[in-house]
Structure formats: structure tokens, C-alpha cells
Amino acid sequence: MKTLTDLKKIREKAQEEMKLRGSNTRIKIVVGMGTSGIAMGAREVMKTFLEEIASRNLTDVLVTQTGEKGLSSMEPVVDVVEDDKPKVTYGNMTPDKVKKVIVEHIVNGRIVSDYVVATGN
Amino acid sequence: MSLKRIDLLICCGSGCVSAGALKIKERFHAVLTEKGMTNEINIIETGCMGPCDYGPVMVIYPEGVFYKHVSVDDVSEIVEEHFIKGRPVKRLMMQDSEDQVIASKKDIPFYQKQVKVALANCGYIDPESLDEYIATSGYEALGTILTTMTPQQTIDVVKASGLRGRGGGGFPTHMKWQMVLDATADQKYVICNGDEGDPGAFMDRSLLEGDPHRVLEGMMIAAFAMGASKGYFYIRAEYPLAIKRIKMAIEQAREVGLIGENIFESKFCFDAEVRTGAGAFVCGEETALIHSIEGSRGNPTPKPPYPAIKGLWDMPTVVNNVETFGNLTTIFLKGADWFASMGTETSKGTKVFALTGDIRNTGLVEVPMGITLRELIFEVGGGIINDKKFKAVQLGGPSGGCLTAEHLDVAVDYESLKEKGAMMGSGGVIVMNDNNCMVNVAKYFLDFSVDESCGKCSPCRIGLKQMYDIMERITRGEGQEGDIDELLRLGETIKQLSLCGLGQTAPNPVLSTIRYFRDEYESHIRDKSCQTKVCLNLMHFDIDKDKCIGCSLCARKCPVTCISGSREEKYTIHQVDCVKCGNCLDVCPVKAVTKVPGIHADVIAVNEIKCDMED
Amino acid sequence: MYKEICNKYAPTKDNLIYILHDIQDTHPQHYISEEAVEVVSEYLKVPANHIFGVLTFYSMYSTKPRGTNIIRLCESPPCYIKGSDNILRKLKTMLSVNVGETTKDGAFTLELAACLGVCGNAPVMMVNDDVYGDLTEEKIEEIIGKIRGGN
Ligand SMILES: Cc1cc2nc3c(=O)[nH]c(=O)nc-3n(C[C@H](O)[C@H](O)[C@H](O)COP(=O)(O)O)c2cc1C
Ligand code: SF4
Ligand code: SF4
Ligand code: FES
């Protein structure tokens with residue numbers, strides 16, 4: 001490391017590694033991981049989100065989880081939470097549907113209305 | 001490709017480690033491996049998070065969930081419930097006064113009044129990772145200074161910030177630096193004082209353990225500002241983890257060229273080394289410290305000459321405290337004005353305190369200077385444990401003084417505390433409830449200073465021992481009229497005539513307790529009574545016959561069989577033989593045994609006969 | 001053996017404290033013998049009486065043989081307020097030693113220390129390099145038992 005520019009490069013990479021602790025996230029994806037969600041494949045859904053986000057290098061998207069949401073018939077359920085926008089809830093998710101949500105909603109900002117089961121809180 | 005979705009930050013400061021944090025970390029590794037989840041969860045060892053009383057503690061991001069008192073047995077549940085099902089384990093979370101669970105670390109009252117400058121990264125980053133330090137803008141201040149500023153400009157920023165030394169004296173940092181910058185010499189040195197020996201202080205340990213690169217960067221900024229090319233960390237041998245972490249930080253910095261020749265392509269070259277103590281409190285005094293680094297006995301020498309003129313190997317040297325260095329990077333990143341906007345007229349910025357004693361939230365806190373003692377003890381510290389009454393607080397350890405309930409609204413800054421007979425000291429805050437006997441506490445502080453006096457000058461060596469003997473006599477019940485005056489006289493003399501800061505401040509605990517608790521001294525001396533029932537010769541045990549059920553347990557447990565009686569007559573203690581072991585108090589099933597202040601009449605009578613016979 | 005330890009450090013006087021720590025830590029009885037002092041004196045070209053002066057100044061050095069495990073119980077005020085005197089009594093009875101003494105089997109030496117800087121978890125003791133906090137009489141039994149078992 002010789003210059004401030006070198007330092008900055010390291011910093012950016014290191015910040016990326018630490019983003020779970022930071023606050024520079026634009027979109028939060030919350031996967032319902034209650035017993036029924038897991039039974040219906042929520043872990044696969046979560047994994048696919050993580051893989052897609054990593055391979056597309058989406059640095060401002062965060063995946064977290066929550067418990068049972070009471071929508072058992074529509075599990076796995078996923079919330080997409082964006083600052084200043086109503087929450088979007090997708091139901092009956094599968095790894096393939098996840099890929100579509102990533103491309104359409106997360107990257108291009110277009111809600112995939114076919115999968116939506118609720119909006120707002 | 002990173003699939004990480006959870007950062008699990010486990011506090012591995014010495015406090016939590018002493019409570020078993022490392023075993024918990026191992027257990028997490030084992031459970032996550034078993035479940036095949038190691039690629040989803042980052043386990044990070046951090047430095048002290050502050051609330052040591054609740055240790056082992058951990059924070060889980062992204063939610064920021066804070067868990068306390070975690071045990072090895074809780075690990076599976078956390079993984080199963082929180083990591084897999086997304087349901088944080090409520091029973092391990094903090095609760096507010098209405099027993100509501102507090103979901104996130106940032107909502108815990110303990111953290112809310114705090115402003116973290118020196119401690120910003122403690123408990124947040126992995127102290128063994130240079131990258132994580134850099135992610136929090138680490139080494140940017142140094143880089144900017146080296147590439148755009150002159151040493152004088154650097155000192156001017158520190159001057160504008162109003163930073164004063166955090167090691168106890170509160171000496172303006174820029175003034176020392178200026179002296180060394182202005183001195184001409186082939187070699188100049190900068191030393192980081194990590195000897196922290198004040199009982200009740202562990203701020204510096206936590207900072208060295210939790211964010212070593214910050215201290216190193218601060219040292220390098222100081223070195224540049226005064227033209228030093230070599231630095232020493234002097235760390236007490238009782239802090240093995242701090243020693244390991246700072247050595248590691250130096251190695252990491254050396255590897256990437258942050259230490260070495262022409263740092264950031266400037267003319268600045270720097271190298272650092274670690275030296276340790278070997279168990280001598282006086283080595284925290286800067287001249288003693290210098291002798292110790294040189295490989296000699298750590299005896300203080302008179303000042304002047306000040307180390308800034310004639311220090312390590314007779315070269316101009318600056319000695320600064322760990323926390324003083326810990327403030328520097330932020331001063332340069334956020335600006336001197338920002339720093340100076342916090343605090344009071346003469347005391348700027350924030351101060352780290354270690355809360356200990358009978359306080360609910362023991363641990364490490366950082367608050368703006370000028371906060372009142374009430375806010376510090378009752379809001380941040382959560383008040384007195386077990387809802388006892390606040391009696392006194394000792395600030396500044398064995399060199400400081402105690403303050404009482406009437407001082408709770410005093411602002412915590414260098415001048416206000418001094419005026420009231422206490423001092424900021426290095427930041428130890430020892431809180432005492434009304435079970436404490438102030439004469440006894442003062443005796444214990446004095447005992448510490450007697451043990452640690454290096455013996456070089458007689459006022460400290462002989463005078464303190466004389467004071468101690470008087471205190472010992474008073475607590476033994478043999479105090480005499482005139483003892484208080486003699487303590488005052490000795491105390492003042494020792495303060496004036498001692499060579500170094502140890503002797504000059506050691507009488508303070510006695511002097512300040514006489515100032516605020518003179519009645520306790522008087523009742524010990526005149527009435528032969530310790531109202532708090534701590535001094536064993538000035539209290540006795542008694543059995544309340546109305547409560548006693550005559551079970552005989554106490555009589556059987558008494559080592560000198562001085563309790564006798566029967567089920568009908570109940571039991572009585574033969575006071576003359578009692579050795580005050582307290583067994584009866586512990587075993588009585590109906591709490592019929594109590595402590596009573598003062599010597600029992602029977603014992604007084606016997607003592608009088610003894611006296612007469614001796615005459 | 002002492003010579004080997006010395007060789008790890010440059011022969012300058014400022015390494016004296018390190019070398020003495022190393023010698024003491026390496027010795028199974030955790031002390032610094034007269035013989036060791038002679039070797040160090042020769043190596044650093046420092047008079048032996050300077051080294052003795054240093055040895056007696058610093059409380060962590062011992063010139064007498066000690067046990068395999070060194071217990072250092074904090075006796076400073078914050079730990080005292082939290083009941084370190086009870087812990088001391090417990091240690092003394094459990095190990096049947098007084099302060100400064102070594103158990104008959106040579107397993108433990110009991111010492112008192114000034115503040116160990118972990119006062120948030122008072123009362124505190126160190127056994128060798130490990131810190132144990134929030135001590136209670138039960139915990140003492142557990143800790144001593146474990147160390148005994150491990151040996
Ligand atoms: C007996 C005694 C013990 C001291 N112990 C320490 C200590 O442990 N740490 C510390 O930083 N300063 C300690 N000091 C103060 C130092 O002598 C020195 O003033 C300080 O390290 C300067 O740093 P600062 O200006 O950054 O506060 C002690 C002073 C005395 C008299
Ligand atoms: S005041 Fe005490 S500690 Fe300081 S030099 Fe004198 S004897 Fe030593
Ligand atoms: S233990 Fe209590 S109840 Fe029993 S004999 Fe003693 S004082 Fe009475
Ligand atoms: S007072 Fe015991 S560790 Fe500090």
C-alpha cells in the first residue's frame with residue numbers, strides 16, 4: 001500500500017465485506033423462516049437470493065430472515081422492503097421465482113405482480 | 001462469492017473471556033459446521049462491547065440483536081431459532097424497566113447517552129483484521145496528514161481540538177508535542193503508556209484489545225507531528241491479550257507498508273515495538289516508565305528535566321496515554337471543531353469511564369465531558385444494584401477522592417472534580433452503596449499505595465505507612481482522640497514533599513473521606529462503633545430471641561462453640577468468645593441472627609478489666 | 001537452557017525485562033534462579049546486582065521456586081467491595097495454604113495481585129495467563145477442580 005488511492009481501494013472492498021453491519025443498504029429482503037416456511041422450502045429460497053446477489057455483486061441489498069408471518073398457505077413468503085416505499089410481500093416462492101424477482105424487482109425496480117400476495121404493512 | 005447473511009459479533013474482551021466467551025465461540029463453530037451453515041454466518045471476535053456485567057455478550061447483524069449472559073448451552077437454540085428460523089431468542093435479550101424485551105443494541109439505555117469516539121470500533125470490528133479497521137476509514141487520517149500537512153499544522157489541529165491527556169493529569173496534548181517538535185535531536189521517541197494500574201480502570205486494556213490499529217495510527221500521527229521515528233508501546237504484563245493484539249497490529253501494518261520507510265510515499269519513516277512491565281504500578285509514571293523500558297528498576301526521577309527534553313535514552317520523548325492516542329484519528333477525520341463542540345469550556349470531547357463497584361451496569365462507557373455524575377451513574381450505569389442506596393463514588397482510583405450524593409449534579413470535567421476534592425484520573429468510577437464503611441474503603445486504597453510505593457523517597461515510603469497504621473488502628477477499634485488531625489497533617493505533608501505523583505496523591509482517599517464522612521471516623525474513634533457493621537471489632541452479632549426457633553444450627557456451626565441455649569430458652573451468643581466468623585448469620589434458617597453496630601457491653605467490660613490489670 | 005532463551009533476544013539492556021519474563025515462564029517452577037541471573041548478566045554485560053535490583057523491584061518476578069500454576073487473586077478495592085476477601089478465604093482453605101505459599105503437591109501457588117484490570121467482573125483472579133471473573137466460592141471449586149483434573 002503506497003498511496004491514499006490504494007487505501008481507498010482496500011477500504012471499499014473491506015466495507016463490502018462488512019455491509020451486514022452497515023447502514024448503506026437500499027433494499028432489504030426478509031425471508032420468512034418459520035417452521036412452515038422451512039418445510040415449504042424457505043431455506044432454498046434464501047440460498048438462491050444469497051447466490052444471485054453475490055453473483056450479480058449487488059452491494060446494497062441485504063437478505064435477512066424473520067419468523068412465522070401467519071401466511072402459512074402461501075409459504076415460503078418473502079418481503080421486499082425499500083426505504084420510503086410500501087413493503088411488497090411475495091408468496092409461494094421457489095428458486096426460479098427468486099431469480100425473476102431479482103432481475104425484475106431488485107435490479108430494475110419493476111414489481112413482479114404475479115407473485116405478490118400483499119403490499120403495505 | 002460471499003453467501004454470508006449474518007455477522008455474529010462475539011465480545012472477546014477480557015471481561016467476557018473471563019466469563020467464558022471463547023468456549024461459546026468454539027461451540028458456535030461446532031454447531032454451524034454440523035448444520036453446514038459456516039458459509040452463511042461470519043463469526044467475528046470483537047473487543048469489549050462495554051456492558052461487562054452482562055457477559056458473555058454478543059450482537060447479531062443485520063438486525064443488531066443483542067444477547068446477554070449467553071452460555072454454551074444456549075448456542076444450539078440461537079442457531080436453531082434465530083439463524084435458521086429467524087426468531088431471536090427473547091430470554092437472552094435485554095429488558096427495559098417495564099420488562100419489555102429490547103430488540104436492538106441501539107435501543108439499550110446503556111448505549112443511548114454514550115458518544116463513541118475512542119471506542120467507536122470496540123465491539124464492532126474484528127481487532128485482528130486490518131481490513132476491518134480500514135473499512136472504518138482507518139489510516140485515512142494518517143495518509144492525509146502525511147501527504148498534505150506539515151508537523152506544525154498537525155499540532156495546530158490538536159491544539160484547536162482542545163484535546164487533553166487522558167492518562168490522569170489532563171495536560172494539553174499539543175503543548176508536549178510542541179516542546180518535542182521544537183527540540184533539536186538526532187532521534188526522538190514517542191511512547192504509548194499502557195501501564196494502566198489504577199484499581200477500577202480498564203479503559204486502556206479494552207481499547208488496546210478492541211481496536212489496536214486505532215492506537216497505532218494515533219501514535220504515528222503523534223510521531224509525525226514531533227519528528228519521531230520510533231515508538232514504544234509500554235503495556236503491563238497483566239494484559240497478555242492486549243500485548244498480543246498490538247504486536248499483531250504492528251506486524252500487519254509492517255506487512256502492507258503502513259509502517260516502515262516513506263509511508264504513503266512521504267518522507268516519514270516509522271517503526272514501533274512493544275515493551276512490557278512486570279507488576280509495578282509506579283511504572284505508569286512517565287519517568288519511571290522510561291527507566292523500565294531501558295531495562296532498569298522503575299523508580300521515578302524528579303522533573304525537570306521533562307521527558308520532552310530528556311526522555312528515553314536522554315532523547316526528547318513524548319509519553320501519551322492509550323486513550324489520548326485513540327482520539328486522534330477521529331479528530332483529524334471529523335475536524336477539530338467537531339471534537340471541541342463536545343464537552344465543557346476547558347474539557348473537550350468525550351471520556352471513557354470504567355464503571356465498577358455496586359453499580360448495575362458495570363463496564364465500559366464513553367460519554368461527552370461535562371455530563372453530570374447523576375447521568376453517568378444512574379442513567380448510563382443503571383443506578384445501584386439491588387436497589388440499595390447510593391453512598392459515594394470514588395473517582396481517580398487511589399489517587400482520587402470520593403464524592404457523595406450531594407455532588408451528583410457536579411459536571412464531570414477536570415476542573416469541577418478537582419474543586420470538589422476528587423479528580424478525573426484515568427477514568428475509573430467506583431460506585432459504593434450504603435453497606436460500605438468509608439473508613440475501611442479509604443484504608444484499602446491506602447493499602448494499595450503503601451504496597452505500590454517504590455520507596456525511593458521517605459515522605460511516601462514512611463509517611464503513607466504511618467497513615468496506614470493509624471487507619472488500621474481506627475478500624476480495629478483502637479482509634480484515639482487526635483487521630484483525625486494527625487491523618488490530615490500527615491496527608492498534607494506527604495502530598496507536598498513526595499517526589500512523584502504516587503506519593504503526591506496517595507493521601508487523597510483518606511483526606512476526602514475525612515472531608516465528607518468525618519462523622520464515620522468520629523464514631524469509629526469515639527463511640528467504637530462502625531455503623532455499617534463492616535469493621536469486625538466495632539460490631540457484634542446478636543440473636544433475636546423473638547425470632548429464634550431454637551433449632552441449634554448456629555450453635556453447631558460456630559467454630560469456637562460460643563453459642564448455647566435450648567429449644568425453650570432460645571440461643572445466645574457469648575460475646576467475649578465470638579470470633580466474628582459470621583457462620584451463625586449464614587446458617588440461621590429464620591434470619592434471627594443480625595449484625596449490630598458497636599462493641600457489645602460484655603466485651604467492653606472484659607476489656608476494661610484487662611486494661612486495669614495491665615496498669 | 002538459560003542461554004538459549006537469551007539468544008532469542010538482542011543483547012541489549014532494554015531486553016532484560018523480556019528475558020526475565022521468558023526465563024520465569026519457561027521454568028517449570030516459575031522462578032528465576034541465581035544461576036539464571038549469572039547467565040543473563042554475562043549475556044547482556046550487565047552487573048548481576050543490577051539484575052537483582054530489577055528482580056526485587058517488580059512484583060511479578062519470583063526468586064523462589066513456585067507451583068505449576070500461579071494463582072493471582074486481585075486484592076484491590078473494586079474487587080474487595082465485591083467480596084474478594086471471601087474468595088481468598090475459600091482459596092486458602094481449599095488449597096490449605098497461606099498467601100505466598102505453594103500446595104504440597106506443587107500444583108498451585110497462591111498470590112495476591114493489584115488490580116488486574118477486569119474490575120467490571122469483580123472479584124477477579126488470574127491463573128497463569130487466564131482470567132477468571134465474577135468469582136463465587138462454587139466457581140473456585142470448579143476452576144481449581146478443572147485445573148487439577150487437567151494435569
Ligand atoms: C503513579 C502514577 C501512575 C501512572 N499511571 C499511568 C498509567 O497507567 N497510564 C497513563 O497513561 N498514565 C499514567 N500516569 C500518568 C503519566 O505519568 C503521564 O502523565 C501520562 O502517561 C501522560 O499521558 P497523557 O498526557 O496522554 O495523559 C501515572 C502517573 C503516576 C504518578
Ligand atoms: S513519591 Fe513514592 S512512588 Fe513516587 S518516587 Fe517517592 S517513594 Fe517512589
Ligand atoms: S440458627 Fe437461628 S433459629 Fe437456629 S438456634 Fe441459631 S439463631 Fe436460633
Ligand atoms: S480491582 Fe480487581 S481487577 Fe480491578
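Residues numbered from 1 in each chain as written. Chains lettered and ligands numbered in written order. Predicted model: local features only at pLDDT ≥ 70, side-chain atom pairs only at ≥ 80, totals over all residues. Heavy atoms only, no water.

1. Notes on the site of ligand 2
Okay, so step 1: Neighbouring ligand 2 are 13 residues; C454, K456, C457, C460 and C500 of chain B lie closest to it.
Okay, so step 2: Across the shell around ligand 2, the residue classes break down as 8 nonpolar, 4 polar and 1 charged. (Near = heavy atom within 4 Å. Nonpolar A, V, L, I, M, F, W, Y, C, P; charged D, E, K, R; others polar.)

2. Some thoughts on the environment of K104 of chain C
Okay, so step 1: The topology assignment puts K104 of chain C in the loop between α6 (84-95) and β2 (108-113).
Okay, so step 2: For the pair K104 of chain C and G67 of chain C, spaced 37 residues apart in the sequence, the C-alpha separation amounts to 9.2 Å. (Helix = DSSP H or I, 4+ residues; strand = E, 2+ residues; numbered from the N terminus.)

3. Observations concerning unusual backbone geometry
All names here are of chain B.
Okay, so step 1: Omega for the bond connecting Y61 with P62 falls within 30 degrees of zero, at 15 degrees, which places this linkage in the cis form.
Okay, so step 2: Considering the arrangement of structural elements, one finds P62 in the loop between β3 (58-61) and β4 (65-67).
Okay, so step 3: With an omega dihedral of 0 degrees, the bond running from P304 to P305 counts as a cis peptide bond.
Okay, so step 4: When you line up the elements, P305 lands in the loop between α12 (286-293) and β8 (317-321).
Okay, so step 5: Of note, the phi angle at N386 is positive, near 60 degrees, even though the residue is not glycine.
Okay, so step 6: One can find N386 in the loop between α15 (373-380) and β11 (390-395).
Okay, so step 7: A positive phi angle, close to 35 degrees, is found at T561, a residue other than glycine.
Okay, so step 8: Counting through the fold element by element, T561 comes out in the loop between α22 (553-557) and β15 (563-566).

4. Overview of the pairing of strand β1 (residues 6-11) of chain B
All names here are of chain B.
Okay, so step 1: By the criterion of burial, β1 is predominantly enclosed, with 6 of the 6 residues buried.
Okay, so step 2: Where burial is concerned, the two faces of β1 agree: the one with I6, L8 and I10 and the one with D7, L9 and C11 are both buried.
Okay, so step 3: Summarising the sheet, β1 and strand β2 (residues 41-46) pair through 6 bridges and their orientation is parallel. Counterpart to I6 in the pairing with β2 is I41.
Okay, so step 4: As judged from the 4 bridges shared by β1 and β3, these two strands associate in the antiparallel manner. Bridge pairing links L9 to V59 in β3. (Buried < 20%, exposed > 50% of the residue type's maximum accessible area, 1.4 Å probe, protein only. Pairing = 2+ DSSP bridges.)

5. Structural notes on the interface of chain B and chain C
Okay, so step 1: Listed as interface residues are 52 residues of chain B and, on the opposing side, 37 residues of chain C.
Okay, so step 2: Approximately 3500 Å² of surface area, both sides summed, lies buried where chain B meets chain C, with 56% of it carried by carbon and sulfur atoms.
Okay, so step 3: By the criterion of area lost to chain C, the three top residues of chain B are A278, R297 and Y444 of chain B, representing 17% of everything that side buries.
Okay, so step 4: Where chain B touches chain C, the interface holds 1 salt bridge.
Okay, so step 5: The shortest N-O distance in the salt bridge between D14 of chain C and R275 of chain B comes to 2.7 Å.
Okay, so step 6: For the pair chain B and chain C, the interface holds 21 residue pairs in polar contact (both at pLDDT 80 or more).
Okay, so step 7: Going through the elements one at a time, α1 (14-18), α11 (240-255), β7 (271-276), α12, β9 (350-357), β13 (428-433) and α17 (438-452) of chain B are the ones with two or more residues in the side of chain B that touches chain C.
Okay, so step 8: Considering each element in turn, the side of chain B that touches chain C owes the most residues, 7 residues, to α17 of chain B. (Contact = heavy atoms within 4.5 Å. Buried area = accessible area lost by both parts, 1.4 Å probe. Salt bridge = Lys/Arg side-chain N within 4 Å of Asp/Glu carboxyl O. Polar contact = N/O pair within 3.5 Å; in protein donor to acceptor, adjacent residues only side chain to side chain.)

6. Describing the arrangement of the chains
Okay, so step 1: Where the 2 pairs of chains in contact are concerned, the greatest contact count is recorded for chains B and C.
Okay, so step 2: These two, chain A and chain C, are apart from each other, with no contact and a minimum C-alpha gap of 27 Å.

7. Looking at the sheet that holds strand β2 (residues 61-66) of chain A
Residue and element names in this part refer to chain A.
Okay, so step 1: Read from one edge of the open sheet, 5 strands run β2-β1-β3-β4-β5, paired in mixed fashion. The open sheet has two edge strands, β2 and β5 (116-119), and neither has a second partner. Each strand axis lies, on average, 25 degrees off the axis of its neighbour in the sheet, ignoring direction.
Okay, so step 2: By the bridge criterion, 3 bridges tie strand β3 (residues 78-82) to strand β4 (residues 88-90) in an arrangement that is antiparallel. Residue pairing in the sheet places D79 in a bridge with T89 of β4. (Axes fitted to C-alpha atoms, helices over the stretch in contact; angles between N-to-C directions.)

8. Examining the interface of chain B and chain A
Okay, so step 1: Counting from both sides, the interface comprises 41 residues of chain B and, opposite them, 31 residues of chain A.
Okay, so step 2: Connecting chain B to chain A are 4 residue pairs in polar contact (both at pLDDT 80 or more).
Okay, so step 3: Sorting the residues of the side of chain B that touches chain A by element identifies β1, α3 (75-84), α5 (130-135) and α6 (140-148) of chain B as the ones contributing at least two each.
Okay, so step 4: When the residues that make up the side of chain B that touches chain A are grouped by side-chain class, the tally is 18 nonpolar, 10 polar and 13 charged.

9. Thoughts on the domain arrangement of chain B
Okay, so step 1: Per the domain assignment, the segments making up chain B are domain 1 (6-107), domain 2 (130-340), domain 3 (350-433), domain 4 (438-526) and domain 5 (539-614).
Okay, so step 2: Each of domain 2 of chain B and domain 5 of chain B has a C-alpha centre, and the two are 59 Å apart. (Domains from an automatic or database assignment.)

10. Description of the nonpolar core
Residue and element names in this part refer to chain B.
Okay, so step 1: Counting residues in hydrophobic clusters, the biggest one holds 138 residues, and the most contacted among them are Y139, F233 and Y521.
Okay, so step 2: Residues contacting F233, with those up to four places away along its chain left out, are C192, V215, L216, M219, I246, I250, A272, E273, V274 and R275.
Okay, so step 3: In this structure, M58, I60, M369 and A422 belong to the second largest nonpolar core, which totals 74 residues. (Core = buried A, V, L, I, M, F, W, Y, C linked by side-chain atoms within 4.5 Å.)

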